[in-house]
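# Overview (structure and organization)
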Amino acid sequence: MVKRKGASSSEESWNYEAKVAEIEGIITRIEAGELELEAVFDQFATAVEYLRQCEGFLQQRQQQVDLLIETLSQE
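## A few points about the overall build of the protein
Within the protein one finds three helices and zero strands. For the protein, the N- to C-terminal ordering of α and β elements is α-α-α. For the protein, the residues scored as buried account for 9% of the 75 residues in total. Accessible surface, the protein as shown: approximately 6300 Å² in total, 54% of it carbon and sulfur.

Next comes the structure, spelled out in C-alpha coordinates:
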(Lines give C-alpha, C1' and ligand atoms only; values in the text may rest on other atoms or scores of the structure.)
Protein backbone atom coordinates (compact mmCIF):
# COMPACT_ATOMS: atom_id res chain seq x y z
CA MET A 1 0.00 0.00 0.00
CA VAL A 2 2.65 2.46 -1.03
CA LYS A 3 1.10 5.77 -2.01
CA ARG A 4 3.03 7.01 -5.00
CA LYS A 5 0.80 7.85 -7.95
CA GLY A 6 -1.87 9.64 -5.94
CA ALA A 7 0.55 11.65 -3.82
CA SER A 8 0.15 15.40 -3.89
CA SER A 9 2.89 17.60 -5.31
CA SER A 10 3.77 18.88 -1.81
CA GLU A 11 4.33 15.28 -0.65
CA GLU A 12 6.45 14.53 -3.70
CA SER A 13 8.64 17.62 -3.24
CA TRP A 14 9.13 17.07 0.51
CA ASN A 15 12.52 15.51 1.22
CA TYR A 16 13.55 14.04 4.58
CA GLU A 17 17.27 14.45 4.00
CA ALA A 18 16.81 18.08 2.93
CA LYS A 19 14.84 18.85 6.11
CA VAL A 20 17.51 17.22 8.27
CA ALA A 21 20.17 19.32 6.50
CA GLU A 22 18.11 22.46 7.13
CA ILE A 23 17.78 21.57 10.82
CA GLU A 24 21.53 21.02 11.04
CA GLY A 25 22.13 24.40 9.37
CA ILE A 26 19.83 26.13 11.85
CA ILE A 27 21.64 24.49 14.77
CA THR A 28 25.00 25.54 13.35
CA ARG A 29 23.88 29.18 12.97
CA ILE A 30 22.43 29.26 16.48
CA GLU A 31 25.54 27.71 18.02
CA ALA A 32 27.82 30.07 16.09
CA GLY A 33 26.02 33.09 17.51
CA GLU A 34 25.35 34.47 14.03
CA LEU A 35 21.76 35.45 14.77
CA GLU A 36 20.01 38.16 16.73
CA LEU A 37 17.96 36.88 19.66
CA GLU A 38 14.62 37.24 17.84
CA ALA A 39 16.00 35.34 14.86
CA VAL A 40 17.21 32.59 17.20
CA PHE A 41 13.66 32.06 18.44
CA ASP A 42 12.26 32.14 14.90
CA GLN A 43 14.84 29.66 13.65
CA PHE A 44 14.33 27.43 16.68
CA ALA A 45 10.58 27.35 15.99
CA THR A 46 11.30 26.45 12.36
CA ALA A 47 13.63 23.64 13.43
CA VAL A 48 10.99 22.25 15.80
CA GLU A 49 8.39 22.25 12.99
CA TYR A 50 10.83 20.47 10.67
CA LEU A 51 11.51 17.90 13.40
CA ARG A 52 7.77 17.27 13.74
CA GLN A 53 7.50 16.79 9.98
CA CYS A 54 10.42 14.35 10.01
CA GLU A 55 8.92 12.42 12.90
CA GLY A 56 5.59 12.15 11.08
CA PHE A 57 7.36 10.96 7.94
CA LEU A 58 9.25 8.29 9.86
CA GLN A 59 6.10 7.13 11.66
CA GLN A 60 4.28 6.74 8.34
CA ARG A 61 7.13 4.76 6.88
CA GLN A 62 7.31 2.56 9.99
CA GLN A 63 3.60 1.78 9.62
CA GLN A 64 4.17 0.84 5.98
CA VAL A 65 7.06 -1.44 6.93
CA ASP A 66 5.00 -3.05 9.70
CA LEU A 67 2.15 -3.67 7.26
CA LEU A 68 4.51 -5.23 4.72
CA ILE A 69 6.04 -7.47 7.37
CA GLU A 70 2.60 -8.50 8.57
CA THR A 71 1.56 -9.28 4.99
CA LEU A 72 4.69 -11.43 4.49
CA SER A 73 4.10 -13.24 7.77
CA GLN A 74 0.58 -14.20 6.69
CA GLU A 75 1.74 -15.88 3.50
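## Some thoughts on the packing of aromatic side chains
Counted according to the given criterion, the structure contains two aromatic pairs. Look at Trp14 and Phe57: their rings are 5.1 Å apart centre to centre, the planes differ by 40 degrees, and that puts the pair in the tilted class. Of this pair, Trp14 sits in the loop between α1 (9-13) and α2 (16-32) while Phe57 sits in helix α3 (residues 37-74), placing them 43 residues apart in sequence. The exposure class of Trp14 is partly exposed, given its relative accessible area of 23%. Measuring from centroid to centroid gives 5.5 Å for Tyr16 and Phe57, while their planes differ by 25 degrees, and the two rings are stacked. Separated by 41 residues along the polypeptide, Tyr16 in helix α2 and Phe57 in helix α3 bring together distant segments of the chain.

Parameters and conventions
Residues numbered from 1 in each chain as written. Predicted model: local features only at pLDDT ≥ 70, side-chain atom pairs only at ≥ 80, totals over all residues. Heavy atoms only, no water. Helix = DSSP H or I, 4+ residues; strand = E, 2+ residues; numbered from the N terminus. Buried < 20%, exposed > 50% of the residue type's maximum accessible area, 1.4 Å probe, protein only. Areas by Shrake-Rupley, 256 points an atom, 1.4 Å probe, with all protein chains shown as cover. Phe/Tyr/Trp six-rings, centres within 6.5 Å; stacked < 30°, edge-to-face > 60°.

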